[in-house]
Amino acid sequence: RSCRDRAEPAALPPAPLGFTDVNLNSRNTYEVSRRRSAPEHLPHGGTAPAESAPPPQEPAERARHRVGIAGAGSSFAEFFTRNFFAKRTKELKPAVQSAPGWKLFGKVPPRENLPKDSKIIQQEYEARTGRMYKPPPPSARRKNIEFEPLSTTALILEDRPANLPAKSVEEALRHRQEYDEMVAEAKKREIKEAHKRKKIMRERFKQEENIASAMVIWVNEILPNWEGMRATRRVRELWWQGLPPSVRGKVWSLAVGNELNITPELYEIFLSRAKERWKSFSETSTENDIEDAGASVADREASLELIKLDISRTFPSLYIFQKGGPYHDLLHSVLGAYTCYRPDVGYVQGMSFIAAVLILNLEEADAFIAFANLLNKPCQLAFFRVDHSMMLKYFAAFEVFFEENLPKLFLHFKSYSLTPDIYLIDWIFTLYSKSLPLDLACRVWDVFCRDGEEFLFRTGLGILRLYEDILLQMDFIHIAQFLTKLPEDITSEKLFSCIAAIQMQNSNKKWAQVFASLMKDNKEGDKNHSPAPKS
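About the cut-offs
Residues numbered from 1 in each chain as written. Predicted model: local features only at pLDDT ≥ 70, side-chain atom pairs only at ≥ 80, totals over all residues. Heavy atoms only, no water. Helix = DSSP H or I, 4+ residues; strand = E, 2+ residues; numbered from the N terminus. Buried < 20%, exposed > 50% of the residue type's maximum accessible area, 1.4 Å probe, protein only. Contact = heavy atoms within 4.5 Å. Areas by Shrake-Rupley, 256 points an atom, 1.4 Å probe, with all protein chains shown as cover. Salt bridge = Lys/Arg side-chain N within 4 Å of Asp/Glu carboxyl O. pLDDT = per-residue confidence, 0-100. Phe/Tyr/Trp six-rings, centres within 6.5 Å; stacked < 30°, edge-to-face > 60°. Lys NZ or Arg CZ within 6 Å of the ring centre and 35° of its normal. UniProt positions renumbered as here; feature names shortened; annotations may be inferred.

Engineer: Looking at this structure, how should I read the overall build of the chain?
Structural biologist: Of regular secondary structure, the chain possesses 26 helices and four strands. Looking at the chain as a whole, 33% of its 535 residues are labelled buried. Once local pairs closer than 6 in sequence are excluded, the contacts in the chain between residues at least 24 apart make up 70%. For the chain, the exposed surface amounts to about 35,500 Å²; the carbon and sulfur share of it is 54%.

Engineer: Please explain the pattern of salt bridges as it appears in this structure.
Structural biologist: Opposite charge on two side chains permits them to pair, given that their charged atoms come into close proximity. Enumeration over the complete set of coordinates arrives at nine salt bridges. The residue arginine 313 makes a salt bridge to aspartate 310 at a minimum N-O spacing of 3.4 Å. Owing to a relative accessible area of 40%, arginine 313 belongs among the partly exposed residues under this scheme. The shortest N-O distance in the salt bridge between lysine 414 and glutamate 399 comes to 3.8 Å. Here lysine 414 is found in helix α19 (residues 407-415), whereas its partner glutamate 399 is found in helix α18 (residues 388-405), with 15 residues between them in sequence. Residue classification places lysine 414 among the partly exposed residues on the basis of a relative accessible area of 45%. Classification of glutamate 399 by relative accessible area gives partly exposed; the value is 21%. Ionic contacts of the salt-bridge type, sharing partners, join the residues Arg236, Arg450 and Asp451 into one network.

Engineer: Whenever I open this one, the confidence of the model for the chain confuses me. Can you help?
Structural biologist: For any part of a model where pLDDT is low, the fine detail of the predicted coordinates should not be relied upon. On average, residues of the chain carry a pLDDT of 77, and 65% of them reach 70 or more. pLDDT under 50 marks residues 1-13. Its contacts with residues more than four places away, or in other chains, come to two contacts. Between residues 529-535, whose pLDDT stays under 50, and residues either more than four places distant or in other chains, the model counts zero contacts.

Engineer: Before we go on, may I ask you to explain the packing of aromatic side chains in this structure?
Structural biologist: Aromatic rings considered in pairs are described by the distance between their centres and by the relative angle of their planes. Evaluated as defined, the whole model comprises 32 aromatic pairs. Pairing phenylalanine 398 with phenylalanine 402 gives two aromatic rings, centres 5.9 Å apart and planes at 45 degrees, and the pair type is tilted. Placement of the pair is phenylalanine 398 and phenylalanine 402 together in helix α18, with a separation of four residues, close to one helical turn. Grouping residues by exposure puts phenylalanine 398 and phenylalanine 402 together as buried. In this structure, arginine 443 is placed above the aromatic ring of phenylalanine 496, and the distance from its NZ or CZ to the ring centre is 4.1 Å.

Engineer: What should I look at first to understand the UniProt feature "coiled-coil region" (unreviewed entry) in the chain in this one?
Structural biologist: Sites flagged by UniProt as "coiled-coil region" (unreviewed entry) map to residues 169-204. Here residues 169-204 is 100% helix and 0% strand, with 52 Å between the C-alpha atoms at its ends.

Engineer: How do you make sense of unusual backbone geometry when you look at a structure like this?
Structural biologist: Trans peptide bonds make up most of the peptide bonds, and negative phi angles are found at most residues other than glycine. One non-glycine residue, phenylalanine 315, adopts positive backbone phi at about 45 degrees. In this structure, phenylalanine 315 sits in the loop between α13 (295-311) and α14 (328-341). Taking the relative accessible area as the measure of exposure, phenylalanine 315 reaches 8% and is therefore buried. Although it is not a glycine, valine 386 adopts a positive phi angle of roughly 55 degrees.

What follows is the structure, encoded as C-alpha cells:
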C-alpha cells in the first residue's frame, strides 16, 4: 500500500474521461487525444467505462495536470492502437473537390461518379428489389445469334401482380404453351426473312459480278465492232441479260440511231428559242397579247406551262428533278427544246419520264438527240400525237397475242369489258419508267432498244402473266387500280422469266405480220365505206 501511495498523488481525485486541446479542424488530432487519455483509465477487466462529459468549468491547472499524466503512457497506448485505427484514419482523409456542377439556379457541388464494379451494382439491385439474378446456364443460351427473333424482345411471360388472384396450374401451363408457340412462330418467320435477305444479297453479288465481266466484253469487243456484232446471237443474249450501266447510254444511242440528223449545235439553237419564248411569255400579262399571237403560240405556251407542272411529278422519290434539284434545269431544257423542235407534237404528259431516264444515262445534247429520234418511231409518234386509228390497231394487235398466250385471263377481261387502253396507254406513254422500278424499267429499255416496239407489248403481256392468278380474282375496278399502280416488290428475274414465256406468234405470224394485216384490213374497210364518186 505504501508503494501504491508513493506512486500516485493522494490529493487528486480520479479524473473523468475527457478531451482537451482538441483542434476541431483535424480529425487526426482528435484521434491522438483519444488514444492518450483512454489507456490510463482502462480497468483490469479490459473494458472501458462509459465516458462522462467534462464539468462545465474546470481549472486550468487540473486540466494541464491530467494531460501530463496522460502523456506518460502515450507511447505505450500508441503502440497498441496504431494498427487498430489505421483503416479508419485512411478513410477519413478529406476528398478532393472537383469543379462545381450546375443546376437551374446557381452552382451545386458535383456528385462523386466513382466507377462501380458490376458485382456491387448487382448486389445493390438485389438489395433494393429483393430479387436474385440467376444467369442462364450455358446450354440454355441461343447458339445461333444470327437468327435471333427481334420481334420477341418485348414478349415477356409474367405472372399476375400480387394484388390479383394467382393463376391456376392449368391456366399457367396454357399461357406458357401459348407463349412458346408465339416465340417459335416469330423466330420461324424471322429466320425465313433472314434467309430471304441472304438470297437477295447473293443474287445481287452474282449480278454485279456478271455486269463487271459483261462490261469488259462490251467495251473491248462489241462497241468497237458495233455494226458487225449487234445482230449476233452472243450479243443478243448479253443484251437480254441487261446492259452494264457504264455502257447503257452509249448502246441506247447506237440502237436508237439518229435518222433525224440532229447535231448538238441544232439542240443549242432550239434551246435558245425556248428560253426566248419562256422570257416573252413571262413578260406577257394581258390575254389580248396571247390571242393576237395566234393559236399555235397559245398551244406552245400551254405546253411550256405543262412542262413546269409535269417536271415536279417526275420521279418524285429521287428528289433530283424537282425545283432546286441537280437535274431540274437540264430536264426543263431538253423538254423545252423539243417543243420548239416539234411544234406539231408539243409536250404531252409522260414525255418527262422518258427524257429523265435518258438524262440519267446520257449527256445533255446526246439525251436530246436520242429523245427526239425515239419519239419519232411509229408507235411513239402515234401515241404522242394521239392518233386514235393507229392506237386502236396497236390495241387490236395486242389482244391477238393476249388471247393466244393467256386465254383464261383474256376471257375474264372480256367479261368485264376491260379494254387494253385502260392500262396500256400509261405503260406505252412512259415506256414503263413510271409503272416499274427504275432499275427494272432500264432493263426493259435495254431489250426495247434491241427488239423495237414489239417488246413493249410483250412486256405488257409478261406483267399480266406474272399476276394472272391475282387478276382472275378481281373485278373491273380492282383490276384497273392494280394495273395502274403495280406492286413495288416486282423483281427483274420474275418479270423477265414471264416475258420469256410469252410467244409472239399467232398462226405462224409474228408481231409485224399481224400488225400489217390489221393495217391492210383497215385500208380495205375505208375503201368500202368511202362514198361513191358523183357522175
